[in-house]
Amino acid sequence: MSGKSRPVAVVTGGARRVGKAIVQALCAAGCDAVVTYNHSQNEAEHAAEAWRATGATVELVRLDLKNTGETERFAARLSRERARLDVLVHNASIYSPSPLATVTEAEALRFYRVNALAPLMLTRGMAARLSESQLVGGAAVIAMADIHAMGLPRRDFVAYSMSKAALVEMVRALAVELAPRVRVNGVAPGVVAWPEHGPGAQERAQVEYLSRVPLGRSGTPEDAAGAVKWLALEATYVTGQVIRLDGGRSLR
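Quick caveat: nothing in here was measured; it's all calculated off a predicted structure.

Caption draft 1: A look at the overall build of the protein chain. In terms of helices and strands, the protein chain carries seven helices and seven strands. For the protein chain, the sequential pattern of α-helices and β-strands runs β-α-β-α-β-α-β-α-β-α-β-α-α-β. Over its C-alpha trace the protein chain gives a radius of gyration of 17 Å, about what one expects of a compact globule, namely 18 Å for 252 residues. Structurally, the protein chain occupies a C-alpha span of about 50 × 40 × 35 Å along its principal axes. In the protein chain, once contacts between residues fewer than 6 apart in sequence are set aside, the share between residues at least 24 apart is 77%. As presented, the protein chain carries roughly 11900 Å² of accessible surface, and 53% of it is formed by carbon and sulfur atoms.

Right, here's the structure in full:
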């Protein structure tokens, strides 16, 4: 396998938006990639053309992160078949309002399974192989968090926010458990890609949000990808940290 000579990065939810930019950045930096998607097969196959143009070997895998058994089997297969695993990026997540008055147990558990439990199970399943990485500073696990689950709660998003808060605590806990061979960090965006649906997709809401961002603009998927690449391949003495990528929004 080409993974014997190039680092291998696993990115969940990599077919579109921020995930797509993360895979592009890691491939351009010399990694091969295993990219998961759920419903975005066409987008994944199209994006893979650009990723492979960098010289990377790319494997596309459909994965339903709500299914714990499927998630665990995926991690076990990669650990068994891949000669090396070096970077694991937990990018895939689900996002939608969950007002307190209408939120259900099933809905809250769905957020938790995808946004928190699946990353934990994937990390557990790949931990032994990651610990063998020959990258300088060891392997890297990066979780995509959210500044609004870190002390800036948004109204009507309680179940989503709780799941992302659990993900942030996973970063801190696993940074201790997996040291010194694996570094675990997070990136917490404010806005690096506007929602495609719902109130956040409306221009009025976007203008109001940006009025509270000191830099006065939204970020980009490439901004997020740059932070992930830095944590994965360059920040060899950083672990247990969650970087706020928010243009200063968390200061107001």
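Caption draft 2: Geometry of helix α2 (residues 41-52). The end-to-end C-alpha distance of α2 is 16 Å, a good match for the 16 Å that 12 residues give at a rise of 1.5 Å each. Among the residues of α2, A44, A47, A48 and W51 are the ones counted as buried. Summarising the axial view, the buried residues of α2 lie within an arc of 120°, below the 170-degree limit, and thus occupy one face. Opposite its buried face, α2 presents the exposed residues N42, H46 and E49, each directed more than 90 degrees away. Taken together, the buried residues of α2 touch α1 (17-28), β2 (32-37) and β3 (58-62).

Caption draft 3: Just the environment of R73, in detail. Counting through the fold element by element, R73 comes out in helix α3 (residues 68-81). Taking the C-alpha atoms as reference points, R73 and G125, 52 residues apart in sequence, are found 8.5 Å from one another.

Caption draft 4: Summary view of the pattern of salt bridges. Under the counting rule described, the total for this entry stands at 11 salt bridges. Of the charged contacts, one joins D32 and R6 as a salt bridge, the two residues approaching to 2.7 Å between their closest N and O atoms. Placement of the pair is D32 in strand β2 and R6 in the segment before β1 (8-11), with a sequence separation of 26 residues. In this pair, the class of D32 matches that of R6, namely buried. The shortest N-O distance in the salt bridge between R77 and E59 comes to 2.9 Å. Of the two residues, R77 is situated in helix α3 and E59 in strand β3; the sequence distance between them amounts to 18 residues. Through salt bridges that share partners, E59, R77, E81 and R82 make up one connected network.

Criteria and thresholds
Residues numbered from 1 in each chain as written. Predicted model: local features only at pLDDT ≥ 70, side-chain atom pairs only at ≥ 80, totals over all residues. Heavy atoms only, no water. Helix = DSSP H or I, 4+ residues; strand = E, 2+ residues; numbered from the N terminus. Rg over C-alpha atoms; globule rule 2.2 N^0.38 Å. Contact = heavy atoms within 4.5 Å. Areas by Shrake-Rupley, 256 points an atom, 1.4 Å probe, with all protein chains shown as cover. Expected span 1.5 Å × (residues − 1). Buried < 20%, exposed > 50% of the residue type's maximum accessible area, 1.4 Å probe, protein only. Arc of directions from axis to C-beta. Salt bridge = Lys/Arg side-chain N within 4 Å of Asp/Glu carboxyl O.

Distances and angles like these do not, on their own, reveal function.
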